[in-house]
Amino acid sequence: SNHAWFQTNSNGRPNLVGTKKPNGFGLHDLLGNVMEWTFDCWNDNYKNAKPDGSSLTEAGNCEQRVARGGSWILPAESLRVAKRLGLPHDFKTSNFGFRVARD
């Protein structure tokens, strides 16, 4: 609960980014708060993943995109990078968002 927002500590809503402690790399909100809505086409594994980490848009089910990382409405056990969902590309919900990083 020191590092992420989830079902039992979110007060039933998304919360302000950066208000929890950062992880060991100094990154805030990598898990929880909102699920990360990605541009990746859905694949049930990482077999076709690109080595540079860019979006996978040529293989898999591109009618579905990947959401990952858990959110404020899920239990703490679901806050994992490996927590992935394949959902229709136009799916909308209040517990999905984007994780913005800057260099």
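This text gives an overview of the structure that appears in the document.

### Details of unusual backbone geometry
Glycine aside, a negative phi is what most residues show, and trans is what most peptide bonds show.
Thinking step 1. Phi at Asn11 is positive, roughly 60°, even though this residue is not glycine.
Thinking step 2. By secondary structure assignment, the location of Asn11 is in the segment before strand E1 (35-42).
Thinking step 3. Of the residues examined, Asn11 reaches a relative accessible area of 64% and is grouped as exposed.
Thinking step 4. With a phi close to 65°, Asn33 is a non-glycine residue in the positive phi region.
Thinking step 5. Tracing the backbone shows Asn33 in the segment before E1.

### Focus on the pairing of strand E2 (residues 61-68)
Each regular strand carries side chains that alternate between the two faces of the sheet.
Thinking step 1. Sheet topology note: the E1/E2 ladder contains 4 bridges and is antiparallel. In the strand pairing of E2, Trp37 is matched with Ala67.
Thinking step 2. Two strands pair when backbone bridges link them, and E2 and strand E3 (residues 84-88) are joined in this way by 5 bridges, in the antiparallel orientation. In the strand pairing of E3, Val66 is matched with Gly86.

Rules behind the numbers
- Residues numbered from 1 in each chain as written.
- Predicted model: local features only at pLDDT ≥ 70, side-chain atom pairs only at ≥ 80, totals over all residues.
- Heavy atoms only, no water.
- Helix = DSSP H or I, 4+ residues; strand = E, 2+ residues; numbered from the N terminus.
- Buried < 20%, exposed > 50% of the residue type's maximum accessible area, 1.4 Å probe, protein only.
- Pairing = 2+ DSSP bridges.

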